[in-house]
Amino acid sequence: MREIVIPELIVAFFLFFPLIQPFVKGLWGISGISWLPPAALLITIGIFPAYGWRPECVPLLAAALLFSLISVPPALRGAVHPESPASGDFREPGLHITIPGLAIFAGAVFTALFFSPATDSRFTSNGVRELTLQNGEREYFLRIYGETEPSPDTETGNAAAGPRNTGPRPFIFLIPPEGGSIPAVDLICAGFRDRGFTVISYSRRGFDSPAAAGGRTYPPSPLVIRRIWRNFRLGTVREKVNTYGRALETGRREDIDFLLPLVMRDYLPQGSPLFLAGYGAGGGALVYRADAEFAAAYTAVKGIIAIESPLWSVFEGEERVLREIPGNSSWFTAVRIRAENWFAQRKPRVLVPGSAPRPALPVLYLMSDRILDKRPGKNRYDAVYAALRNAASPAALAALEGAGPLDYTGYPVTHPVYRILFPGTGKTPLAGRAFVDSAVAIITGFAALLSGDGALDLRKPGANVHVEVRSWTLPDFRYILNP
């Protein structure tokens, strides 16, 4: 049930009556209607702490604020002078106010309702275990999917799909995106579980945004949101912003070094193949961490999946070329060249891919189809191509047609507006749940290819998938697209 629709409809109801009051004679004498927009504003503000960041409700919030500012003065006059009804303030406001007001109302309400989530915002609960770990001052919140048999679905009355294989369940350790954390990948993890995998994902309080720890969700600060947004847009363009992306990848490597040995010791069944998947900085950290020493120490790890990971640590500032001062130069020429060199040294350096990592394990780079845009200046994915060309072990690049940077998370279902704000470049018939299912199908197919487990629940992605491979000594990768 999309329960967020209920407060949205209440807000729409409260905003609608003041707008139509001038046209309904029976409402002229009801001065209390002027207080409905401020009430709608309070309800709209409450949507965000109750349901998390809802970008589709921002226009509704702006509309409620605007109508509140307009309605408060007549409401106050009616309260101060109750003997003089405020009907004259709204009986004839003029078409120049009424028509734009109705247009703003219609646009805001349509956006909120049309892009409301296809499912509620609560975490998946069937077959899920939660626990909290402490590492010094760091607090981790873990969710384990698939350890217990899933209970019947309360909405459909059918049991959720269980594992099809009879041997050890394959295991996925999934690092969530730093922007969104576990709530962003909850549906993805549930999809893995329903196809026969056990999945562990986590959130680190103070690092992930929003953070989840101790069974609670901690909203991010505006500063953290701004940093993540700038890193998403400019982390492969500006050197100063790239430094933040490198710090995120370093933080994820620290998480891996602490959590992975613990997961393998306490939760990985003997004989279960283990796959490591990471979004954003997590994928970059895995690609860098999976060297020959790592592969030898963690023999249960069969492969790595880097999902929409620009590999910020690969980018380096281009060397600045400074002019030399010829020996026979005049004093004026020497001063001019020194000035040019001074400005050149302080000019932001252009970022270019440097030395790419060479993972000793098979890697799948699952990227937005924006990676297929080869126009000059579109260098967000240059480091991914550099790592693909540098591959010593089997490596594959996959891009689902029409997939945007956020479409491999659960956002196409929980935040449909992101499909409009962050689209892919290709045309695709997929929407909502189909994107989530296709992302799960590609990753589980890759895992089945590496583990040789033909009993896993393989499903064909719902759209075309662009594939490139390097150093590929495994069975045909396209098998997973047409099982």
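Just above, that's the structure.
Here's a quick rundown of the structure. (Residues numbered from 1 in each chain as written. Predicted model: local features only at pLDDT ≥ 70, side-chain atom pairs only at ≥ 80, totals over all residues. Heavy atoms only, no water.)

Considering the overall build of the chain
Item 1. When you go through the chain residue by residue, the secondary structure sums to 15 helices and 13 strands.
Item 2. Counting all 483 residues of the chain, 52% fall into the buried class.
Item 3. Long-range contacts, defined as pairs at least 24 residues apart, comprise 75% of the intrachain contacts of the chain with a sequence gap of at least 6.
Item 4. A total of about 22700 Å² of accessible surface is found on the chain, and carbon and sulfur atoms cover 58% of it. (Helix = DSSP H or I, 4+ residues; strand = E, 2+ residues; numbered from the N terminus. Buried < 20%, exposed > 50% of the residue type's maximum accessible area, 1.4 Å probe, protein only. Contact = heavy atoms within 4.5 Å. Areas by Shrake-Rupley, 256 points an atom, 1.4 Å probe, with all protein chains shown as cover.)

Description of the packing of aromatic side chains
Item 1. Applying the stated criterion across every chain, the model contains 16 aromatic pairs.
Item 2. Here the aromatic rings of Trp229 and Phe422 are separated by 5.8 Å at their centres, their planes lie at 65°, and the arrangement is edge-to-face. Here Trp229 is found in helix α7 (residues 222–234), whereas its partner Phe422 is found in the loop between α14 (418–421) and α15 (433–451), with 193 residues between them in sequence.
Item 3. Aromatic ring contacts, followed pair by pair, group Phe13, Phe14, Phe16, Phe17 and Phe105 into a single cluster.
Item 4. For the cation-ring pair, Arg380 lies above Phe232, with the distance from its terminal atom to the ring centre recorded as 4.7 Å. (Phe/Tyr/Trp six-rings, centres within 6.5 Å; stacked < 30°, edge-to-face > 60°. Lys NZ or Arg CZ within 6 Å of the ring centre and 35° of its normal.)

Observations regarding the pattern of salt bridges
Item 1. Inspection of the entire model under this criterion finds 14 salt bridges.
Item 2. One salt bridge in this structure joins Glu308 and Arg380, with 3.8 Å as the shortest N-O distance. Note that Glu308 is positioned in the loop between β8 (301–307) and β9 (315–317) and Arg380 in the loop between β11 (363–367) and α12 (382–389), a separation of 72 residues in sequence.
Item 3. In this structure, the salt-bridge partner of Asp437 is Arg433, at a minimum N-O distance of 3.4 Å. Residue Asp437 and its partner Arg433 are located together in helix α15, separated by four residues, close to a single helical turn. (Salt bridge = Lys/Arg side-chain N within 4 Å of Asp/Glu carboxyl O.)

So, the pairing of strand β12 (residues 395–400)
Item 1. Burial of β12 is extensive: six of the six residues sit out of reach of the surface.
Item 2. Residue alternation in β12 divides its side chains into two sets, Ala395, Leu397 and Ala399 and Ala396, Ala398 and Leu400, and both sets are buried.
Item 3. Pairing between β12 and strand β13 (residues 465–470): six bridges, direction antiparallel. Looking at β13, one finds that Ala399 is bridged to His466. (Pairing = 2+ DSSP bridges.)

Topic: the pairing of strand β4 (residues 198–204)
Item 1. Of all seven residues that make up β4, seven are buried, and the element is covered over most of its length.
Item 2. Side chains Thr198, Ile200, Tyr202 and Arg204 project from β4 onto one buried face, and the interleaved Val199, Ser201 and Ser203 project onto a second face that is buried too.
Item 3. Across six bridges, the pairing between strand β2 (residues 138–145) and β4 is antiparallel. When the sheet's bridge partners are listed, Tyr140 is paired in β4 with Arg204.
Item 4. Strand direction decides the pairing type here: strand β3 (residues 171–175) and β4, joined by four bridges, are parallel. In the strand pairing of β4, Ile172 is matched with Val199.
Item 5. Taken together, β3, helix α6 (residues 181–194) and β4 constitute a β-α-β crossover, and its handedness is right-handed. (Right-handed = clockwise from strand over helix to strand, strands pointing away.)

Description of α15
Owing to its 3.6 residues per turn, the α-helix aligns residues three or four sequence positions apart on the same side.
Item 1. Taking 1.5 Å of rise per residue, the 19 residues of α15 would be expected to cover 27 Å, and the 27 Å separating its terminal C-alpha atoms lies within 8% of that figure.
Item 2. Among the 19 residues in α15, 15 count as buried, and that is most of the element.
Item 3. One or two positions beyond α15, positive phi appears at Gly452, with a value near 70°. (Expected span 1.5 Å × (residues − 1).)

Some points on the environment of Ala392
Item 1. Structurally, the position occupied by Ala392 is in the loop between α12 and β12.
Item 2. Judged by relative accessible area, Ala392 falls into the partly exposed class, the value being 47%.
Item 3. Expressed as a C-alpha distance, the spacing of Ala392 and Leu361, which sit 31 residues apart in the sequence, is 8.6 Å.
Item 4. Every residue in contact with Ala392, bar those within four places of it in the chain, is listed here: Arg358 and Ser471.

Some details on the environment of Ile4
Item 1. Position of Ile4 relative to the elements: it lies in the segment before α1 (5–20).
Item 2. Residue Ile4 is classed as buried on the basis of its relative accessible area, which comes to 3%.
Item 3. Taking C-alpha positions, Ile4 is 8.2 Å from Pro117, a pair spaced 113 residues apart along the chain.

Topic: the sheet that holds β13
Item 1. On the basis of which strands lie adjacent, the open sheet formed by nine strands has the order β1-β2-β4-β3-β7-β8-β11-β12-β13 and mixed pairing. Edge positions in the sheet fall to β1 (128–135) and β13, since each has one partner strand and no second. Neighbour-to-neighbour, the strand axes of this sheet turn through a mean angle of 20°, independent of strand direction.
Item 2. Where β8 and β11 come together, four bridges link them in parallel fashion. Each residue of the ladder has a partner; that of Ala306, found in β11, is Tyr365. (Axes fitted to C-alpha atoms, helices over the stretch in contact; angles between N-to-C directions.)

Description of the nonpolar core
Among soluble globular proteins, nonpolar side chains are generally buried collectively.
Item 1. Counting residues in each nonpolar core, the largest one holds 52 residues, and the members touching the most others are Phe173, Leu260, Leu274, Leu276 and Tyr365.
Item 2. What Leu276 contacts, discounting residues up to four positions off in sequence, is Phe173, Leu260, Leu286, Phe294, Val301, Gly303, Ile304 and Ile305.
Item 3. The next biggest cluster of nonpolar side chains, apart from the first, holds 41 residues, and it includes Tyr145, Ala403, Val436 and Leu450. (Core = buried A, V, L, I, M, F, W, Y, C linked by side-chain atoms within 4.5 Å.)

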